[in-house]
Amino acid sequence: MKRVAILLSGGGSNMARLVQSMTGDHPARPCLVLSNDPNAGGLVRARNWGIATAAVDHRPFAGDRAAFEAALSGPLRAARPDVICLAGFMRILTGDFIAEWEGRMLNIHPSLLPSYRGLRTHARALEAGERDVGCTVHEVIPDLDAGPILGQARVPVLEGDDPATLAARVLTMEHQLYPAVLYRYVLGDRTPVIMDWTADNRAS
Ligand code: GAR
């Protein structure tokens, strides 16, 4: 059974979907939910499911990313994860930290990478007049929001969308895409998972 650690900063809806997927004959189980915010809603949800949690508040480490990452490494190494899923983890990680886990660390990003790396993805896509947006799961490398793409889901921009409505529509696809990619990944299959919002919603 593979061990999966999940890192988050917020409500943890992606974490929840990943955890819910790891049951029955799924080849992985969650071993830790770790946050940089001791008050992250995702920690409460994980605790309620009986999953081990830990928090390393980044704020006391302001200006010293290496020290923050050293502290983060404590509970992470202790959990002995085979795979680490960044799921709304909003701290930039240094190359040194990533190097230790490279090839075992995934991230979900709310855009069709390589477009719209970084923050405010939906607002920027709307400003640019995009007709399609989406989300991407990729392997983490030292470059921000880059690395081999393991899955993408395309989502249409609909009339009257604002960043919030678009984010909500993309999130519904994140919830399908990330568990699908993780399942393949723990089986050693890195063939990208391709999903389409329209097709998926017609099918269901
Ligand atoms: C998700 O939309 C995820 O793609 C995004 O944060 C949200 C977390 O939601 N991640 C990033 O923007 C990473 N740069 P959640 O806490 O409900 O899973």
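The following paragraphs examine the structure supplied in this document. Owing to the predicted nature of the structure, the values given are computational and were not obtained by experimental measurement.

Calculation rules
- Residues numbered from 1 in each chain as written.
- Predicted model: local features only at pLDDT ≥ 70, side-chain atom pairs only at ≥ 80, totals over all residues.
- Heavy atoms only, no water.
- Near = heavy atom within 4 Å.
- Polar contact = N/O pair within 3.5 Å; in protein donor to acceptor, adjacent residues only side chain to side chain.
- Areas by Shrake-Rupley, 256 points an atom, 1.4 Å probe, with all protein chains shown as cover.
- Helix = DSSP H or I, 4+ residues; strand = E, 2+ residues; numbered from the N terminus.
- Buried < 20%, exposed > 50% of the residue type's maximum accessible area, 1.4 Å probe, protein only.
- Contact = heavy atoms within 4.5 Å.
- Pairing = 2+ DSSP bridges.
- Axes fitted to C-alpha atoms, helices over the stretch in contact; angles between N-to-C directions.
- Phe/Tyr/Trp six-rings, centres within 6.5 Å; stacked < 30°, edge-to-face > 60°.
- Lys NZ or Arg CZ within 6 Å of the ring centre and 35° of its normal.
- Parallel < 35°, antiparallel > 145°, perpendicular 65-115°, else oblique.
- Left-handed = near helix turned anticlockwise from the far one by under 90°.
- Nonpolar A, V, L, I, M, F, W, Y, C, P; charged D, E, K, R; others polar.

### Looking at the site of the ligand
Then step 1. The full set of residues close to the ligand is Gly-11, Gly-12, Ser-13, Asn-14, Gly-88, Met-90, Ile-108, His-109, Pro-110, Leu-171 and Glu-174.
Then step 2. Within the backbone of Gly-12, an N or O atom sits 2.8 Å from an oxygen atom of the ligand.
Then step 3. In isolation the ligand has 450 Å² of accessible area, and contact with the protein removes 80% of it.
Then step 4. Within the residue set of the shell around the ligand, elements represented by two or more residues are helix 1 (13-21), strand 5 (105-109) and helix 6 (163-186).

### Focus: the side chain of Thr-136
Then step 1. Along the chain, the position of Thr-136 falls in strand 6 (residues 132-139).
Then step 2. Classification of Thr-136 as buried rests on a relative accessible area of 0%.
Then step 3. Of note is the side chain of Thr-136, whose polar atom sits 2.9 Å from the side chain of Gln-152.
Then step 4. Among all residues touching Thr-136, those that are not within four sequence positions of it are Asn-107, Ile-108, His-109, Ser-111, Leu-112, Leu-113, Ile-149, Gly-151, Gln-152 and Leu-177.

### Points about the sheet that holds strand 2 (residues 28-35)
Then step 1. Pairing is mixed in the open sheet, where eight strands are placed in the order 3-2-1-4-5-6-7-8. Of all strands in the sheet, those bounded by a partner on one side alone are strand 3 (53-55) and strand 8 (193-196). The average angle at which neighbouring strand axes cross in this sheet is 15 degrees, direction not considered.

### Some words on the packing of aromatic side chains
Then step 1. Overall, the coordinates contain one aromatic pair when judged by the stated rule.
Then step 2. Judged by centre distance (6.0 Å) and plane angle (55 degrees), the rings of Phe-61 and Phe-68 are tilted.
Then step 3. One Lys or Arg, Arg-169, reaches over the ring of Trp-197 and ends 5.9 Å from the middle of that ring.

### A closer look at the packing of helix 1 against helix 2 (residues 41-48)
Then step 1. Orientation of helix 1 relative to helix 2, taken along the N-to-C sense of each, is 20 degrees, at an axis distance of 9 Å. Of the possible angle classes, the one that applies to helix 1 and helix 2 is roughly parallel. Every pair of crossing elements has a handedness; the one defined by helix 1 and helix 2 is right-handed. Where helix 1 approaches helix 2, its residues Ser-13, Met-15 and Ala-16 are matched on the opposing element by Gly-42, Arg-45 and Ala-46.
Then step 2. By residue class, the composition of the contact of helix 1 with helix 2 is three nonpolar, two polar and one charged.

### Details of unusual backbone geometry
Then step 1. Residue Leu-113 is joined to Pro-114 through a cis peptide bond whose omega torsion reads 15 degrees.
Then step 2. Relative to the helices and strands, Pro-114 is located in the loop between strand 5 and helix 5 (121-127).
Then step 3. Residue Arg-80 is not a glycine yet carries a positive backbone phi of 50 degrees.
Then step 4. A positive phi is found at Asp-145, a non-glycine position, where the angle reads about 50 degrees.
Then step 5. Topologically, Asp-145 is positioned in the loop between strand 6 and strand 7 (149-156).

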